[in-house]
Every structure is written in C-alpha cells, then in structure tokens.
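# A closer look at the structure
As a plain string of letters, each chain reads:
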Amino acid sequence: MRDLRHSVTVPVIADSNNGNIWEDLRGSFAMADCDADPGITMWARRYTQNPDRFESQIAAAAPRLAYVQQVAAKHHVAGEFALLPWVESQYRPVAGGKGMPAGMWQIMPSTADAMGIRVNRNFDGRMDVPAATDAIMALLSRYHDDLDDWRLVDYAFNAGEFGVKRMVSQHGTPPAEPVIPKMPVKPVTREHLVKLLAIACVIRDPGRFNVSLPSLSSEQRLVKVSIDNSMPMAHAASNAGMSTDEFKDLNAAFRNGVVDSDASPYLLLPSGRAQQFRNSLLASASGEAQSVPGTASLPPLGAALSGATSDDDTPKASTKRHAGSGKTHTVKSGESLWSIARLYSVDIKQLEQWNHLQGPSVKPGQVLKVTPG
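Residues numbered from 1 in each chain as written. Predicted model: local features only at pLDDT ≥ 70, side-chain atom pairs only at ≥ 80, totals over all residues. Heavy atoms only, no water.

## Some remarks on the confidence of the model for the protein chain
In the predicted model, the protein chain carries a mean pLDDT of 82, and 81% of its residues have values of at least 70. Every residue in residues 1-18 is under pLDDT 50, and counting partners more than four places away or in other chains gives 69 contacts. Considering only residues more than four positions removed or in separate chains, one finds that residues 289-325, a stretch of pLDDT under 50, has 85 contacts. (pLDDT = per-residue confidence, 0-100. Contact = heavy atoms within 4.5 Å.)

Structure representation (structure tokens):
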C-alpha cells in the first residue's frame, strides 16, 4: 500500500505540447487505486454507465484538463487534483449567481476575494482558466505543506482548511488505511474524495469500464496569447476563426461582450488558433481594417507569441546531478523520493524498482540507484 500522505510524482515533459496526456496524468497520480474502497469503483461505474456520453464529455474537457495538469505539475500537486474540475463542473465555465460559486473550480465570491481573484460587473476571474487554476494549485500546494496528506487536502478544498486542521489537531493525521479517512466530516466531503478517486480510477484503467480516452493534438492544446488592446468579443472570435460561443466558452471571464485588456492581458485559445488570431490583428493594424477598434500598436508577432504556451512556467526536464554522485544518490535530511526523482529527471516508480522499494519512504543516509544498472 502506498503512503497516501506524502507521495506525488510530477511527470517530466520535455515539450508540453507533445506526449500522451493520459500517460502523463497517470504518472503523476499519488493516491489510491480503483480497488482501495468499494465507493471508488461504484462512482467510476456511475460516471461511465453511458460510455458514449462519457467519451463525449471527457473529449470536450480534454483541452482544459491538459492545461490544468501542466499547472498542477508546476506547483508539485498530485495529479488527481487536475481532475477536480470534473467533480466540480466537468470543466464547464459555470456562471454563478449572486453569492454563488462560479467557474470550473466553483469558487465562492469570498474565496475569490481571499485569493486575490478579481470579480466585478465586467470581469469574473473565477472563470479565467489560467488565473483561477494557478491560484487553486498554489492553494492546494499550501494545504499539503500544512496537512502532509493529499486526502486531507481534498477535504480542506471541499470543507475548508481550518476545520480540517482542527480535526487533525484533535484526532491526528489519519492512517493510510482506510483510504477514505474516518474523520468527523460531512458525508458530502467524504463523497467528494471518493468521486475524485473514482474519475482517477477511470483514467487509470478505462478498459475496465468499456470506455476509450480521446487523443489530444498539439493544435487542440490551450495556450495563453497576449493582447494589448480591448476589442468586441465577436471581433476577437472572428480573428481567431472561432464562433463567438466557442470563444466565450474559453474566455468566459469577460462578462459584457468585450475583451478588456485592462482586466486581463491575455486570451486562452487553442494552439491551432493562436497564430491566426495574431495574424488577423496584425493585418488590421497594417491597414486592411483600420476602422476596427482595438487593433493598433500591436507588437511584433514573435514577441506576441513568445508567451503562448500551455503554462509559461511549466517545469522542464532537469539534468542536474550532484557532483561525484555517479549512479547513486545519498538521501539527505528533508529529501523525499519525489524530490530525488525530480532532481534526476526520472520517474518515482523507476526509483522504487531500481532500489527494490516497497513504497516512497526513504531515510537520510540511504544510498539510492538513480540510473538503471
């Protein structure tokens, strides 16, 4: 049984626009598998009881899911949490009413205010996928620093960190088993964790549930594209070669039909549409459509697209090695198997296999093989 409290493997992705997102996601999972609790498989089967509908839903969610996965990796958050929006909203930009949660993360107004997410009559940052995702992943990372257990991180996300911290101070950190901690939380909070592990279960073993996971081309991956001027949303969508509805779905934070560059300095677009968007604006700026508002004084195209990535700070594969360590590494105080795997750009499971480990626990002074052989 893996120790659910500490372990997380962040996939090493040399190019964030290539690779199989499902393999990368599985490689970053840190919590229990399908058979750890009957409720997990029950919910996994419930999610997939209509295979065609599930496949359609996961295909629609895949571009956002891949983007969230990159941000989770940047913040060293367990991969299961890239699936949180499935539990919350199925990655849809849900518009919240007054005092209600909004966005694919279902963030309450008070939480948005505490996190520094801008919400006003013209712009709702809870539906700004890059900003809200980065804020949530930073929050989850901090929860893990404080609670040291990914299961409790999910409880804190659903029920509030202070209540969970009080429970831990009263009852202690729960053991690895049962997988769903028996703590005095509301049934909905316990079920939230079960649902999260259930969708991860489907991703782990889709064939078990008679479903297939979609491929995601590099053109479908979402990128941030810098903007310098405000413009009507319909005009921005036209420049990107998208319908207004498609464009709004990805940029739902803009509430009044205008892309406001003062509210957000970027748009979220499929990679395959980013070049067309910038080219269209440059053509307008050069005189083909001088009367169109918001298209003047654009920067050179190369500069404009230099920040168009899934996530500008996505970690690259590291080749750093300790001097003189050769093919082994001596564990230092405070190091974990995950941090060592990241240092040498290898998978945590490889380290476990090469060193005949039964789990991710290591001790200071322990000598580990960091290459096969």
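## A closer look at helix 7 (residues 150-159)
With eight of its 10 residues buried, helix 7 lies for the most part within the structure. Burial in helix 7 covers these residues: Trp 150, Arg 151, Leu 152, Val 153, Asp 154, Tyr 155, Ala 156 and Phe 157. On its buried side, helix 7 packs onto helix 4 (84-88), helix 6 (129-147), helix 8 (161-171) and helix 9 (187-204). Structurally, the start of helix 7 carries an N-cap: the backbone nitrogen of Arg 151 is 2.8 Å from a side-chain oxygen of Asp 149. (Buried < 20%, exposed > 50% of the residue type's maximum accessible area, 1.4 Å probe, protein only. Helix = DSSP H or I, 4+ residues; strand = E, 2+ residues; numbered from the N terminus. Polar contact = N/O pair within 3.5 Å; in protein donor to acceptor, adjacent residues only side chain to side chain.)

## Comments concerning the pattern of salt bridges
Counting across every chain of the model gives 13 salt bridges. Linking Asp 134 and Lys 74 is a salt bridge whose minimum nitrogen-to-oxygen distance equals 2.4 Å. Of this pair, Asp 134 sits in helix 6 while Lys 74 sits in helix 3 (residues 51-74), placing them 60 residues apart in sequence. According to the relative accessible area criterion, Lys 74 is buried, its value standing at 19%. One salt bridge connects Asp 149 with Arg 151, and the closest N-O pair in it is separated by 2.8 Å. Classification of Asp 149 by relative accessible area gives buried; the value is 0%. (Salt bridge = Lys/Arg side-chain N within 4 Å of Asp/Glu carboxyl O.)

## So, the nonpolar core
Grouped together as the largest cluster of nonpolar side chains are 97 residues, with contacts concentrated most on Phe 81, Leu 83, Trp 105, Leu 140 and Phe 277. Leave out the neighbours within four places in its chain, and Leu 83 touches Leu 25, Phe 29, Leu 65, Tyr 91, Leu 196, Ile 199, Ala 200 and Ile 203. Core analysis: the next-biggest nonpolar cluster, separate from the first, contains 13 residues, Ala 341, Tyr 344, Leu 351 and Val 370 among them. (Core = buried A, V, L, I, M, F, W, Y, C linked by side-chain atoms within 4.5 Å.)

## Some details on the packing of helix 2 (residues 38-47) against helix 9
For any two helices packed against each other, one specifies the crossing angle of their axes together with the interaxial distance. At their nearest, the axes of helix 2 and helix 9 sit 8 Å apart, and the two run at 65° to each other. The two elements helix 2 and helix 9 meet at a crossing, and its hand is right-handed. Contacts from Gly 39, Ile 40, Trp 43, Ala 44 and Tyr 47 of helix 2 reach helix 9 at Glu 191, Val 194, Lys 195, Leu 197, Ala 198, Ile 199, Cys 201 and Val 202. Among the residues making up the contact of helix 2 with helix 9, the classes are represented as 10 nonpolar, one polar and two charged. (Axes fitted to C-alpha atoms, helices over the stretch in contact; angles between N-to-C directions. Left-handed = near helix turned anticlockwise from the far one by under 90°. Nonpolar A, V, L, I, M, F, W, Y, C, P; charged D, E, K, R; others polar.)

## Considerations on the state of the cysteines
A disulfide bridge is the covalent bond that connects two cysteines by way of their sulfur atoms. In the structure shown here, the tally under the stated rule is one disulfide. Between the sulfur atoms of Cys 34 and its disulfide partner Cys 201 the distance amounts to 2.1 Å. What sets the handedness of the Cys 34 and Cys 201 disulfide is the S-S torsion sign, and at about 110° it is right-handed. With Cys 34 in the loop between helix 1 (21-27) and helix 2 and Cys 201 in helix 9, the pair connects residues that are 167 residues apart, well separated along the chain. Classification of Cys 34 as buried rests on a relative accessible area of 4%. In this structure Cys 201 comes out as buried when scored by relative accessible area, which is 0%. (Disulfide = S-S within 2.5 Å.)

## Considering the packing of aromatic side chains
Think of a pair of aromatic rings as described by two things: how far the centres are apart, and how the planes are tilted against each other in angle. With the rule as written, the count across this model stands at five aromatic pairs. Taken together, a centroid distance of 5.6 Å and an interplanar angle of 50° make the contact between Phe 81 and Trp 150 tilted. Here Phe 81 is found in the loop between helix 3 and helix 4, whereas its partner Trp 150 is found in helix 7, with 69 residues between them in sequence. We note that Phe 81, like Trp 150, is buried. For the ring pair Phe 123 and Phe 254, a centre distance of 5.4 Å and an interplane angle of 65° mean the geometry is edge-to-face. Here Phe 123 is found in the loop between helix 5 (109-115) and helix 6, whereas its partner Phe 254 is found in the loop between helix 11 (244-250) and strand 3 (258-259), with 131 residues between them in sequence. Comparing Phe 123 with Phe 254, the two get one shared label, buried. Taken together, the aromatic side chains of Trp 43, Tyr 47, Phe 54 and Trp 86 make up a single cluster linked through ring pairs. (Phe/Tyr/Trp six-rings, centres within 6.5 Å; stacked < 30°, edge-to-face > 60°.)

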